[in-house]
Amino acid sequence: MNILITNDYGIYADGIIELAKEISNIANVYVVAPESQKSATGHSITIHSPIMVQETDMGDKIKAYCISGTPVDCVKVGIEGIFKDINFDLVLSGINNGPNLGTDVIYSGTVSAAIEGLVLNKPSIAVSYNEFKVKSEVYKEGAKHIAQLINNIKDKLHLLNDCILNVNIPNTEVKGWKITKLGERKYDNVMEERISPFGQRYFWIGGSIKDMEQDEDSDITCVNNGYISITPVNIEMTNLEKFEMLKNIKML
């Protein structure tokens, strides 16, 4: 197998390093990742400036490059540029430092990179860890779970022709795997207004997660209960029910 790996935390993040090392034991690994932190960039691409490319060292078995663009740029540049002669079987994005659960996937650079793989007709998986302060040994264990997942589905990758898999690993002992759906994430105190030392008004976006009731089969419930969540996520955003209803309304 030929696997392209990227992330949104940057080429030097422990998550991508441990993932690339582990996956190189079961596949040919090619890495294209941002040169710096690009979290919460969503599906943005770089069109008003050049995307700089630099080869980097991630070990003898791994061909790796960092670029000045976004996670989505990494997938586009990797598949259509740097490694255009490679036929990729899978795109992996992660392991992200922090969860991508519920509606947070809308903002996620990690998930968006996987979605770009889908746009380019490649089976794709996004992987995140449900913790922000993580040692490399923890990512190493998480990467083993992802290698197991790939081995389990490598003959069924055709199932990912119209969706990605969004995988979240709990920050507790793993009890097993569950197929889930997206939960709902909302935040309190999202917008904090401050004044700089120079008197300039500014805002800082952050906030704490609201405690919300979740379905039993949501990714949030699953991860909170110690299971790895696997959520099939597609990009078909048309509301087909409303589509049919609106067709029956006479428009001006």
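The structure presented is a predicted model; accordingly, all values stated were derived computationally and were not measured.

Scanning the protein chain for helices and strands turns up six helices and 13 strands. Relative to a compact globule of 252 residues, whose C-alpha radius of gyration would be 18 Å, the protein chain shows 19 Å and is just as compact. Considering only C-alpha atoms, the protein chain reaches an extent of 55 × 55 × 50 Å along its principal axes. Within the protein chain, the fraction of its 252 residues that count as buried is 47%. Within the protein chain, counting contacts between residues at least 6 apart in sequence, those at least 24 apart form 76% of the total. Approximately 14000 Å² of the protein chain is accessible, and the part contributed by carbon and sulfur atoms is 51%. Between the averaged position of the 24 positive side-chain charges in the protein chain and that of its 33 negative side-chain charges there is a distance of 1 Å.

Taking the UniProt record as the reference, the feature "domain: Survival protein SurE-like phosphatase/nucleotidase" (unreviewed entry) is found at residues 3–188. Between the end C-alpha atoms of residues 3–188 the distance is 39 Å, and the span holds 27% helix and 26% strand.

Direction vectors running N to C along helix H1 (residues 14–23) and helix H4 (residues 136–153) enclose 45 degrees, while the axes themselves pass 8 Å from each other. When the interaxial angle is binned, H1 and H4 end up oblique. Of the two elements, H1 crosses H4, and the hand of that crossing is right-handed. Every residue of H4 that contacts H1 at Asp14, Gly15, Glu18, Leu19, Glu22 and Ile23 is listed here: Ser136, Tyr139, Lys140, Ala143, Lys144, Ile146, Ala147 and Ile150.

This part is about the UniProt feature "binding site: a divalent metal cation" (unreviewed entry) in the protein chain. The UniProt record marks Asp8, Ser39 and Asn96 with the feature "binding site: a divalent metal cation" (unreviewed entry), using the residue numbering of this structure. On the basis of their most widely separated C-alpha atoms, the annotated residues across 89 residues gather in one place, lying no more than 9.1 Å apart. Secondary-structure assignment places Ser39 in the loop between strand E2 (28–34) and strand E3 (53–57). Once residues within four sequence positions are removed from consideration, Ser39 is found in contact with Asp8 and Tyr9.

Next up on the list: the nonpolar core. Counting 38 residues, the largest nonpolar core has Ile5, Ile23, Val31, Leu92, Ile125, Ile146 and Val167 as the members making the most contacts within it. Broken down by element, the residue count for this core peaks at seven residues, all from H4. Formed by 14 residues, the second largest nonpolar core is a distinct cluster that contains Cys74, Ile79, Phe88 and Ala113.

Let's shift gears to the sheet that holds E3. The strand order across the open sheet formed by nine strands is E3-E4-E2-E1-E5-E6-E7-E13-E8, and the pairing between neighbours is mixed. The sheet is open, and its two edges are formed by E3 and strand E8 (176–179), each paired on a single side. Adjacent strand axes in the sheet meet at a mean angle of 25 degrees when their direction is disregarded. The pairing of E2 with strand E4 (residues 62–67) spans six bridges and is classified as parallel. Note that in E4 the partner of Val29 across the bridge is Ile62. Contacts from H4 reach strand E1 (2–6), strand E5 (90–97), strand E6 (124–129), strand E7 (164–169), E8 and strand E13 (227–233) within the one sheet, and its direction differs from that of E5 by about 155 degrees.

Let's shift gears to a nonpolar patch on the surface. A grouping of Val190, Met191, Phe203 and Ile205 is seen on the molecular surface, where their side chains present a nonpolar patch of about 400 Å² in accessible area. With respect to the helices, strands and loops of the structure, Ile205 is situated in strand E11 (residues 201–205).

The next thing to look at is the packing of helix H2 (residues 71–82) against helix H3 (residues 109–119). Close contact between H2 and H3 brings their axes to 7 Å; oriented N to C, the two are set at 25 degrees. Overall, the two elements H2 and H3 adopt an arrangement that is roughly parallel. H2 and H3 meet at a crossing whose hand is right-handed. When H2 is examined against H3, the residues Pro71, Val72, Val75 and Lys76 are found in contact with a partner set consisting of Gly109, Ser112, Ala113, Glu116 and Gly117.

As a further point, take the environment of Gly42. Within the secondary structure, Gly42 is located in the loop between E2 and E3. Along the chain, Gly42 and Asn168 lie 126 residues apart, while their C-alpha atoms are 17 Å from each other. The contact partners of Gly42, leaving out residues within four places of it in the chain, are Val72, Ile106, Tyr107, Ser108, Gly109 and Ser112.

Bringing the packing of aromatic side chains into the picture now. Within the structure shown, the criterion is met by five aromatic pairs. Judged by centre distance (5.7 Å) and plane angle (70 degrees), the ring pair of Tyr65 and Phe83 falls under edge-to-face. Of this pair, Tyr65 sits in strand E4 while Phe83 sits in the loop between H2 and E5; the two residues are 18 residues apart in sequence, bridging distant segments of the chain. In this structure, Tyr65 and Phe83 share a single accessibility class: buried. Taking 6.2 Å as the distance between ring centres and 75 degrees as the angle between the ring planes, the aromatic pair formed by Phe83 and Phe88 counts as edge-to-face. Each of the two residues, Phe83 as well as Phe88, counts as buried. The ring of Tyr227 carries Lys178 above its face, with NZ or CZ at 4.3 Å from the centroid.

Conventions and cut-offs
Residues numbered from 1 in each chain as written. Predicted model: local features only at pLDDT ≥ 70, side-chain atom pairs only at ≥ 80, totals over all residues. Heavy atoms only, no water. Helix = DSSP H or I, 4+ residues; strand = E, 2+ residues; numbered from the N terminus. Rg over C-alpha atoms; globule rule 2.2 N^0.38 Å. Buried < 20%, exposed > 50% of the residue type's maximum accessible area, 1.4 Å probe, protein only. Contact = heavy atoms within 4.5 Å. Areas by Shrake-Rupley, 256 points an atom, 1.4 Å probe, with all protein chains shown as cover. Lys, Arg positive; Asp, Glu negative; His and termini not counted. Charge placed at Lys NZ, Arg CZ, Asp CG, Glu CD. UniProt positions renumbered as here; feature names shortened; annotations may be inferred. Axes fitted to C-alpha atoms, helices over the stretch in contact; angles between N-to-C directions. Parallel < 35°, antiparallel > 145°, perpendicular 65-115°, else oblique. Left-handed = near helix turned anticlockwise from the far one by under 90°. Core = buried A, V, L, I, M, F, W, Y, C linked by side-chain atoms within 4.5 Å. Pairing = 2+ DSSP bridges. Patch = residues over 30% accessible without salt bridge, like charges linked within 9 Å, V, L, I, M, F, W, Y side chains within 5 Å. Salt bridge = Lys/Arg side-chain N within 4 Å of Asp/Glu carboxyl O. Phe/Tyr/Trp six-rings, centres within 6.5 Å; stacked < 30°, edge-to-face > 60°. Lys NZ or Arg CZ within 6 Å of the ring centre and 35° of its normal.

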